[in-house]
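So you can see what is in the structure, the chains are spelled out below.
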Amino acid sequence: MAEGKAMAMQLSVQVASWLHAQVTGGAPLDQVLPALLRQGFDELQVRRIYNAVLSDPDGFKAGFSRAAAGQPAVAHRLPQGQVTAPVAPADGTVPAQLPFHPVAMIPADARTIACDHGGVHVAFRLQRPHVVLFENVLTGEECDALVAEAGPRLQRAGVVDSERGGSRIDERRTSELAVVRRGASPLVARLDARIAAITGVPLAQGEPLQVMRYGVGAEYQPHYDYFDLGRPGQAAHLRNGGQRIASLVIYLNDVEAGGETTFPRCALSVGPRKGSAVFFAYTDAQSRTDPMSFHAGAPVTRGEKWIATRWMREREFT
Ligand SMILES: O=C(O)CCC(=O)C(=O)O
Ligand SMILES: [Fe+2]
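Residues numbered from 1 in each chain as written. Chains lettered and ligands numbered in written order. Predicted model: local features only at pLDDT ≥ 70, side-chain atom pairs only at ≥ 80, totals over all residues. Heavy atoms only, no water.

A. Quick peek at the overall build of the chain. Helix and strand counts for the chain come out as seven helices and 19 strands. Taken over 318 residues, the chain has a buried fraction of 52%. Taking contacts inside the chain between residues at least 6 apart in sequence as the whole, the part at least 24 apart equals 76%. Roughly 13,900 Å² of accessible area belongs to the chain as shown, and the carbon and sulfur atoms make up 52% of that amount. (Helix = DSSP H or I, 4+ residues; strand = E, 2+ residues; numbered from the N terminus. Buried < 20%, exposed > 50% of the residue type's maximum accessible area, 1.4 Å probe, protein only. Contact = heavy atoms within 4.5 Å. Areas by Shrake-Rupley, 256 points an atom, 1.4 Å probe, with all protein chains shown as cover.)

See the structure below:
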């Protein structure tokens, strides 16, 4: 982005201090928005600042405390017209003390969800980050059939190009991938309906399935599935469907060794098991995103790993 388009936003120490108190006190975006609009920020800028405070209250406070002590008063520097999702604090600390309610939260009393092929069972449910392990999402035969259907179309996977939009090859994601559109075959249509039934997220909000194969050494390094709206290429993805709200990663085989889905901020590791699926939800009704959902696909150390991932959006995805 050209330097001329970047805009330094100044928050007075007084306003920054007030905002910090509001956000750490649990105030939703709607509650702080009018005051910040009166300060001359537009709504997208307010969202960016709000998310910055939410994701790292201590870092934000340290920033405006320095400013109060006579150091540079720039609290945030951001490209004009961009919104952002929280930026992970460099030291990995998270605002775990704040309550967080993703829109796609699985109810605490969910046990067995009746589906066309039998029952999908909830094996565990973590409150925050919100992670649920489902068993028996696919039968063994269905897993094999999906691999057979998508396998011949595998290509090297990409990541979101943060500057230009679209996708690009990156060493952080070394799997191979086939995009399988909704309803692509009778099997996929059955799976589509099942995913909507167990997650409660309408199929229309689902992105295409991504069937992936990781060979020995392949991995997906720690990342967020939601878009970082401070990066122009990522924000561009919002136009169709809005922010991502949740992900379902279905394991299509048993991996000999390695390949766990890990959540390093809460020391959680989920071992791949054929037919099971790990679900995580990270965006709330105000479009705030949860940095606790930081996760990875650990390197496969023996054998291979096959998964099908569905990312879900706030609105209809076309
Ligand atoms: O490979 C895994 O276990 C995680 C995959 C993942 O993070 C994703 O598809 O977004
Ligand atoms: Fe992911």
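B. Up close: the packing of aromatic side chains. Under the definition given, this model contains six aromatic pairs. Judged by centre distance (5.1 Å) and plane angle (80 degrees), the ring pair of Phe263 and Phe280 falls under edge-to-face. Pair noted here: Phe263 is in strand 14 (residues 261-263) and Phe280 is in strand 16 (residues 277-281), with a separation of 17 residues, a long-range link. What makes Phe280 buried here is its relative accessible area of 0%. Chaining the aromatic ring pairs together yields one cluster made of Tyr224, Tyr226, Phe263, Phe280, Tyr282 and Phe294. (Phe/Tyr/Trp six-rings, centres within 6.5 Å; stacked < 30°, edge-to-face > 60°.)

C. How the structure looks around the packing of helix 2 (residues 29-38) against helix 3 (residues 43-55). At a minimum axis separation of 10 Å, helix 2 and helix 3 run at an interaxial angle of 125 degrees. Compared by their axis directions, helix 2 and helix 3 come out oblique. Pair helix 2 / helix 3 crosses with right-handed handedness. Contacts between helix 2 and helix 3 pair Leu29, Val32, Leu33, Leu36 and Leu37 from the former with Glu43, Val46, Arg47 and Tyr50 from the latter. Counted by class, the contact of helix 2 with helix 3 contains seven nonpolar, no polar and two charged residues. (Axes fitted to C-alpha atoms, helices over the stretch in contact; angles between N-to-C directions. Parallel < 35°, antiparallel > 145°, perpendicular 65-115°, else oblique. Left-handed = near helix turned anticlockwise from the far one by under 90°. Nonpolar A, V, L, I, M, F, W, Y, C, P; charged D, E, K, R; others polar.)

D. View of the coordination of the iron ion (ligand 2). Donor atoms from the polypeptide that coordinate the iron ion (ligand 2) comprise His223 (NE2), Asp225 (OD) and His295 (NE2), at 2.1 Å from the metal. Along the chain, the residues donating to the iron ion (ligand 2) are arranged with the sequence spacing H-x1-D-x69-H. With relative accessibility at 4%, the residue Asp225 sits in the buried group. (Donors = N, O, S within 2.8 Å, 3.2 Å for Na, K, Ca; no water.)

E. The arrangement of the site of ligand 1 in detail. Near ligand 1, the surroundings consist of Met212, Tyr214, Tyr220, His223, Asp225, Thr261, His295, Gly297, Lys305, Ile307, Thr309 and Trp311. At 2.8 Å, a side-chain N or O of Lys305 approaches an oxygen atom of ligand 1. Trp311 is positioned such that a nitrogen or oxygen atom in its side chain is 3.3 Å from an oxygen atom of ligand 1. Contributions of two or more residues to the shell around ligand 1 are made by strand 10 (209-214), strand 11 (220-223), strand 17 (295-297) and strand 19 (305-313). Here the shell around ligand 1 gets four residues from one element, more than from any other, and that element is strand 19. (Near = heavy atom within 4 Å. Polar contact = N/O pair within 3.5 Å; in protein donor to acceptor, adjacent residues only side chain to side chain.)

F. View of the nonpolar core. Counting residues in hydrophobic clusters, the biggest one holds 37 residues, and the most contacted among them are Phe134, Leu146, Ile250, Leu252 and Phe279. Broken down by element, this core gets its largest block of residues, five residues, from helix 6 (residues 186-199). Apart from residues no more than four positions distant in its own chain, Ile250 is found in contact with Val137, Leu138, Leu191, Ile195, Ser276, Ala277, Trp306, Ile307 and Ala308. Residues Val131, Ala218, Tyr282 and Val300 belong to the second largest nonpolar core, which totals 21 residues. (Core = buried A, V, L, I, M, F, W, Y, C linked by side-chain atoms within 4.5 Å.)

G. Structural detail: the sheet that holds strand 15 (residues 268-270). One open sheet accounts for four strands, arranged 11-17-14-15; its pairing is antiparallel. Each edge of the open sheet is held by one strand with a lone partner, namely strand 11 and strand 15. Between one strand and the next, the sheet's axes are offset by a mean angle of 10 degrees, whatever the strand orientation. Both strand 14 and strand 17 contribute to a ladder of two bridges, which runs antiparallel. Along strand 17, the bridge assignment pairs Thr262 with Ala296. (Pairing = 2+ DSSP bridges.)

H. Inspection of the pairing of strand 12 (residues 244-251) at higher detail. For strand 12, the buried fraction is high: eight of the eight residues fall into the buried class. Judged from the five bridges that link them, strand 12 and strand 16 form a sheet pairing that is antiparallel. In the strand pairing of strand 16, Ala246 is matched with Ala281.

I. Up close: helix 5 (residues 140-150). If you check which residues of helix 5 are buried, you get Glu142, Cys143, Leu146, Val147 and Ala150. When helix 5 is viewed along its axis, its buried side chains cluster within an angular range of 140 degrees and face the same direction. Opposite the packed face of helix 5, turned more than 90 degrees from it, sit the exposed residues Glu141 and Ala148. Where helix 5 is buried, its residues touch strand 9 (176-180), helix 6, strand 10, strand 12 and strand 19. (Arc of directions from axis to C-beta.)

Keep in mind these values describe shape, not function.
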